[in-house]
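Tertiary structure, described
What follows is each chain in one-letter form.
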Amino acid sequence: MRVSKEFLQLALWSLLLAGCSSGGSDGDEPSIVQDPSPGSGDVGATVACDAPPERMLSSAGVEFVRTPDSCFEALADFPFDARYVDIDGLRQAYVEEGPEDGEVVLLLHGQPSWSYLYRKMIPVLADSGYRVIAMDHLGTGRSDKPTDVDDYTYLTHTGRLEQFITTLELTDINLFVQDWGSLIGLKVAGENPDWFASIAVGDGALPAIPAGVEVFPVVENPNEVIDIPSPFADASEQQMLSYDGCDLIATDMTGLDFGSWMEYAMKAESFTASEVLEALTWFPLSDAEEAAYDAPYPSRDYMAGIRKFPSIINDVPGQTQEALAGLAMYEKPFITIWASNDPGNLGSCEAQQALIDLVPGAAGQAHTRLPEASHFLQDDQGEEIARRLIDFYENPAVFVPVTPEPSTPSDDEQLGFEILEIKAEDEIIVWISTEITKAEFEALDLPEGWIKNQPREVESSSGSFLRSPDATEDGPLIEAELFGYQWYHNATIIEANIELDDEGLLQAASISKFHTVTFDAGSTLTLLVSPTGDRYVRLTRDVGRSSDIPTLPAGWSLIEQVLPQSLTVTLPNPTLNIRADNQDSFQGPLMIPSNGPGLSFEESLTAGPLPLNAELCEDPANMDVLLQSPVFSALAASGTSNPAQLERMIAEPVAGPFYMFNLIRFRELAVYPDGRETDLTGREANALYNPIEYLTAIGARPVLIASVDQQLEGDSPLWEEIAVVEYPCPVAFFAMITNPGFQERLVNKDAGVETTYVLVTHLQPSSLPEGFEAPASPFPPSDDDPAFELISVRDYFESAQYQADSNEPQRSGEQAWNLYADGAAGAATQVGSLPTARLVIQGAFSGTSQDWEAIDIDYMPSQAAFEAFLGDEERAEVLYHRDAALEGSFLLTATSTLNAIPGAPDVAGSVGGSDSDGSLPVTELGVGQVCMTDADCVGIGTCLSDGLSAGFCTRQCGAGECGSPYACCHSCSAAVASQLPFSGSACLPPAAADQLSAAPASCTCQ
């Protein structure tokens, strides 16, 4: 399977990424300003358009400029006066036309346009009696323009829109959004759905992007002005067809990926608004229209806002969930009016259909794709769009929730009314029917020993009973005709009247049943959390309940979580059914869902496009699932990974195992993308990233962790750590990195790591035979001169570069290296050096564009051994082959704290043997091999794990029993001792020992 270049990068205009979650800005109370006073920075209409800009300071301390009124004189077909709202001392401009008491239509533009884009729509809507308001975003049009690009953020724009709406006291708004107007407007609408009477979208989107994702690399030196050739130089005035129906026939004319567009907009000397509008309108713009689009920006001093807009995409991750959940429940009219020739992905039928599928109110509406319209469809077809909106406002389809008629239950789903048959105190049979109506149920006259279960509201979207409690295998439920209706045995109460608290607020029953429940994307999951952390999901509620909020005893709590995607939960058997005082019913405790083995329940709720499990490599079709995922699309298009290497891995989704080789340099102090304050070092932040439970879930594992001692070759970057991780196959790796829980953890790595090269490699078979016993080294390791790994990362010359007088025949760089390696092998063996691993590099996944080709990792018994190797005469004789072979290289010495590379010799020199000193592998979280239970630690000790996520094997200890470099931690305070095995002791790595020996833990670590 191969993936197209178009899939691997976002086309220039494909803003298939959006966001939400903001509040109003802090600062002055906003006010409506019709005639700003000189004190507010009014430049006046008499200032020439080309006059040097006057830099002013807002009441909130923001430096800004204001485009002179003279720049807006005699705009083509735009006779509309500007009005202003003052928010935090900065004017937000808008146009308002039509009757003041008319229904509100709010129009939001994108980048780099302004409200001039709506000049053809405003009159049509206003003449039809609507109060039309077209707002200029901060930094655009006639709004004020902060001069620092850092003053423009996603939340700045969305927060100002909220204040704009509340200041003008707009209600029952009919919203129309396009391009960046959709990222801003749909966020506000999704979070405040009651404000909006209807929503219309033209070529826009609001997908979910996990927090912590850097969608595209940040533009460096944003205020640098450079000469970048215009990508629009060859654009024709009359745009060519981009789509034949839903089939893309021509991509955008620029050839830019979105990251390059971010750089061009931010730094290019030639960047103008008009060149973008001209290139992405179907019909040619006149000179006067181009001048009008450029009018707000008489010089670069006024362009910080439109320069920054593309880069704001990196503010979006983690900001969309609440808005998407709101849109997923928006039942008021929602329509999409698309351009049929928007050349980016945003113009696709898939982008349009994604919104239609998301929003209930889109059902039955007159969605359309307009011919002869491109990305800025308001300019191409403004009058037609306005007429369609008027028809939409006056004749919308009305969303009608579909209530399924009662039917005979299927094998996999039985829902309805329940009756209870009391057999004994510890046996109450629960019968369910979907055939009976509510009226018939209420009329049932049951004999003694039978009870009706009161009518319940069901919280889940659907539910399945896999079998009756007494059945031995899954299949249809046991059925019986009772009281004239067909009933099904779905559950048995095996213990009733269980008291959970002294106040009697929570009553419980233990129920035997085989039950799964599903919650749709956008629904809210309500969880009851016990004092011990057990979680119970709310499944039903009493129709006649007296209160929506139950009274909970001390130590119990409720949490709610909006689901970004559907979730299926398998309840335990037996399950505990807890009734609160308002008769809310919670069931659990929850098992780890099938879409997140090894994860906490909260992480499972946001599991990625594929379940994380060890079977991912068994089905190549799993890659097809990932390719359809917007999260994977965003990562693939983000520019953080090498497209060529990405395509290689996608083409062989289940080939493996392979080894990710990571070269890492940490920041001195962590820097989080969201700007949070922290005193963590880069290493400390990266330690919080540790994704061991995700690795374990997919069958991956770290096989080498080593700290760099010396960098002998390669000037930059200066590396600090080496990490090698074994993955079972590419699709398992991709499933993990697209998992939102993993992405949230990844933010710590991004904060802590300054630079990293990530190389995809394949392990070569060991050159040493199984059971090989190395001779004793004449330079054995000691406490003062310990062993280490010698790591060589190489890029060969295509043709070896020998000196002119060498008389060597022409050969490749790799052939020259092999001559050196063969000639130096004897010297290595004599000093006791052994090959740990030979890795062939398939390609760089991220961090470098250089074609690195091979990695050698060799065990070196001591520095004395290494110096003897360097001084060996046989090695010196072949050294010139090495010099001729390498175009680039890193040569590092590193001390490993974990070395589990398959086939690597141990420190005693025995392949497949065991460490002679009994040392255990060490990680940040513990010592020993990865484990889930004590059964994984036979011969070592016990497993430090919470039972849900992976831990590490360790052993009981006293002073001196762990083996260097581990410390035995014991005699801890009671709170800490309870978390350690073996009466409160464990072998732990130095980092953990340092923490435990500090207050308040007060452990003794020796």
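Residues numbered from 1 in each chain as written. Predicted model: local features only at pLDDT ≥ 70, side-chain atom pairs only at ≥ 80, totals over all residues. Heavy atoms only, no water.

1. What to know about the environment of Ile429
Topologically, Ile429 is positioned in strand β16 (residues 427-433). You can call Ile429 buried: its relative accessible area is 5%. Taking the C-alpha atoms as reference points, Ile429 and Asn490, 61 residues apart in sequence, are found 8.3 Å from one another. Those residues in contact with Ile429 that lie beyond four places of it in its chain are Ile419, Leu420, Glu421, Lys423, His489, Ala491 and Thr492. (Helix = DSSP H or I, 4+ residues; strand = E, 2+ residues; numbered from the N terminus. Buried < 20%, exposed > 50% of the residue type's maximum accessible area, 1.4 Å probe, protein only. Contact = heavy atoms within 4.5 Å.)

2. A look at the pattern of salt bridges
Applying the stated criterion across every chain, the model contains 25 salt bridges. In this structure, Glu96 and Arg83 form a salt bridge, with 3.7 Å as the shortest nitrogen-oxygen distance. Pair noted here: Glu96 is in strand β5 (residues 90-97) and Arg83 is in strand β4 (residues 83-87), with a separation of 13 residues, a long-range link. Glu384 serves as the salt-bridge partner of Arg388, at 2.9 Å between the closest nitrogen and oxygen. Of this pair, Arg388 and Glu384 both sit in helix α11 (residues 377-394), four residues apart, which is roughly one turn of that helix. (Salt bridge = Lys/Arg side-chain N within 4 Å of Asp/Glu carboxyl O.)

3. Here's the deal with the sheet that holds strand β43 (residues 1004-1005)
Taken in spatial order, the three strands make up an open sheet running β42-β41-β43, and their pairing is antiparallel. Edge positions in the open sheet fall to β42 (986-988) and β43, since each of these has one partner strand only. Bridge count between strand β41 (residues 967-970) and β42: three bridges; the pairing is antiparallel. Its bridge partner lying in β42, Cys969 is registered against Ala986. (Pairing = 2+ DSSP bridges.)

4. Brief notes about the sheet that holds strand β2 (residues 56-57)
With respect to topology, three strands assemble into an open sheet ordered β2-β3-β8, the strand pairing being antiparallel. Of all the strands in the sheet, the pair left with one neighbour each is β2 and β8 (145-146). Inspection of the sheet shows β2 paired to strand β3 (residues 63-65) by two bridges, in the antiparallel sense. Pairing of Leu57 across the sheet is with Glu63, part of β3.

5. So, the side chain of Gln92
Mapping Gln92 onto the fold places it in strand β5. Relative accessible area serves as the criterion here: at 1%, Gln92 is assigned to the buried category. At 2.9 Å, the side chain of Gln92 and the backbone oxygen of Asp136 are in polar contact. Once residues lying within four places of it in the same chain are set aside, the contact partners of Gln92 are Arg83, Tyr84, Val85, Ile87, Met135, Asp136, His137, Leu138, Ser143, Arg160 and Phe164. (Polar contact = N/O pair within 3.5 Å; in protein donor to acceptor, adjacent residues only side chain to side chain.)

6. Side note on the environment of Glu290
Looking at the element boundaries, Glu290 is found in helix α7 (residues 287-294). When the C-alpha positions of Glu290 and Glu278 are compared, they lie 7.4 Å apart, and in sequence the two are twelve residues distant. Contacts of Glu290, omitting those with residues within four sequence positions, involve Ser274, Glu278 and Leu285.

7. Structural notes on the confidence of the model for the chain
Should pLDDT be low for a region, the predicted coordinates there are not to be read in detail. Residues at a pLDDT of 70 or more form 79% of the chain, whose mean pLDDT is 81. Scored below 50 in pLDDT, residues 1-44 makes 150 contacts in the model with residues more than four places away or belonging to other chains. The model gives residues 592-606 a pLDDT under 50, and that stretch makes 55 contacts with residues more than four places away or in other chains. (pLDDT = per-residue confidence, 0-100.)

8. Details of the pairing of β4
When you tally the buried positions in β4, you get four out of five residues, the bulk of the element. Looking at chain direction, β4 and β5 are connected through five bridges and run antiparallel. Residue pairing across strands places Ile87 opposite Leu90, the latter belonging to β5. Between β4 and the antiparallel strand that follows it, β5, lie two residues; Asp88 among them carries a positive phi value of about 55 degrees.

9. A short note on the packing of aromatic side chains
This model, assessed by the stated rule, comprises 30 aromatic pairs. Where Tyr116 meets Tyr293, the ring centres are 5.0 Å apart and the plane angle is 90 degrees; that geometry is what we call edge-to-face. Here Tyr116, found in the loop between β6 (104-108) and α2 (121-127), pairs with Tyr293, found in helix α7; they are 177 residues apart in sequence, far enough to count as distant. For the pair shown, Tyr116 and Tyr293 are each scored as buried. Ring plane angle 55 degrees and centroid distance 6.0 Å describe the contact between Tyr802 and Tyr880, whose orientation is recorded as tilted. Pair noted here: Tyr802 is in the loop between β34 (788-796) and α21 (813-831) and Tyr880 is in helix α23 (residues 873-885), with a separation of 78 residues, a long-range link. Residue placement shows Lys452 over the ring face of Phe441; its charged tip is 5.6 Å from the ring centre. Positioned over the ring face of Phe514 is Arg467, at 4.0 Å from the centre of the ring. (Phe/Tyr/Trp six-rings, centres within 6.5 Å; stacked < 30°, edge-to-face > 60°. Lys NZ or Arg CZ within 6 Å of the ring centre and 35° of its normal.)

10. Brief notes about unusual backbone geometry
A cis amide bond links Gln111 with the next residue in sequence, Pro112, at an omega value of 5 degrees. A cis geometry characterises the amide bond from Gly656 onward to Pro657, with omega recorded as 5 degrees. Even without a glycine there, the phi angle at Glu169 is positive, about 55 degrees. By the secondary structure assignment, Glu169 is in the loop between α3 (154-167) and β9 (173-178). Accessibility expressed as a relative area gives 66% for Glu169, which makes it exposed. The residue Gln583 is not glycine, and still its phi comes out positive at about 70 degrees. Structurally, Gln583 can be placed in the loop between β28 (575-579) and β29 (585-588). For Gln583, a relative accessible area of 27% corresponds to the partly exposed category.

11. Here's the deal with a negative patch on the surface
On the surface, Glu425, Asp426, Glu427, Asp470 and Glu495 cluster together to form a negatively charged patch. Tracing the sequence through the fold places Glu495 in strand β21 (residues 485-499). With relative accessibility at 44%, the residue Glu495 sits in the partly exposed group. (Patch = residues over 30% accessible without salt bridge, like charges linked within 9 Å, V, L, I, M, F, W, Y side chains within 5 Å. Areas by Shrake-Rupley, 256 points an atom, 1.4 Å probe, with all protein chains shown as cover. Lys, Arg positive; Asp, Glu negative; His and termini not counted. Charge placed at Lys NZ, Arg CZ, Asp CG, Glu CD.)

12. Side note on the state of the cysteines
Two cysteines, two sulfur atoms, one covalent bond between them: this is a disulfide. Inspection of every chain in the model, using the stated rule, returns two disulfides. In this model, Cys49 is linked to Cys71 through a disulfide, with the two sulfur atoms separated by 1.9 Å. Judged by the sign of its S-S torsion, about 105 degrees, the cystine formed by Cys49 and Cys71 is right-handed. Of the two residues, Cys49 sits in the loop between β1 (31-33) and β2 while Cys71 sits in the loop between β3 and β4, which places them 22 residues apart along the sequence. The exposure class of Cys71 is buried, given its relative accessible area of 8%. (Disulfide = S-S within 2.5 Å.)

13. Observations regarding the nonpolar core
Core analysis: the biggest nonpolar cluster contains 113 residues, and Leu107, Leu125, Phe164 and Ile199 have the highest contact counts within it. Looking at which element gives the most residues to this core, the answer is α11, with seven residues. Non-local contacts of Phe164, meaning those with residues more than four positions away in its chain, are made with Val85, Ile87, Gln92, Tyr94, Leu106, Ile133, Met135 and Leu170. (Core = buried A, V, L, I, M, F, W, Y, C linked by side-chain atoms within 4.5 Å.)

14. Let's talk about the packing of helix α4 (residues 180-191) against helix α9 (residues 321-328)
Where α4 meets α9, the closest approach of the two axes is 7 Å, and the angle between their N-to-C directions is 65 degrees. Taken as axis vectors, α4 and α9 run roughly perpendicular relative to one another. For the crossing formed where α4 meets α9, the hand is left-handed. On α9, the residues that touch Leu186, Lys187, Gly190 and Glu191 of α4 are Glu322, Ala323, Gly326 and Leu327. Classifying every residue of the contact of α4 with α9 gives three nonpolar, two polar and three charged. (Axes fitted to C-alpha atoms, helices over the stretch in contact; angles between N-to-C directions. Parallel < 35°, antiparallel > 145°, perpendicular 65-115°, else oblique. Left-handed = near helix turned anticlockwise from the far one by under 90°. Nonpolar A, V, L, I, M, F, W, Y, C, P; charged D, E, K, R; others polar.)

15. With respect to the pairing of strand β22 (residues 507-512)
Burial analysis of β22 places five of its six residues in the buried class, which makes it a mostly covered element. Looking at chain direction, β21 and β22 are connected through five bridges and run antiparallel. Among the inter-strand pairings, Glu499 is bridged to a residue of β22, identified as Gln507. Where β22 lies against β28, five bridges are found, and the strand directions are antiparallel. Each bridged residue has a counterpart across the sheet, and for Ala509 the counterpart in β28 is Asn577.

16. Describing the environment of Glu383
Along the polypeptide, Glu383 turns up in helix α11. Each C-alpha atom of the pair Glu383 and Tyr118 lies 9.5 Å from the other, and the pair is 265 residues apart in sequence.

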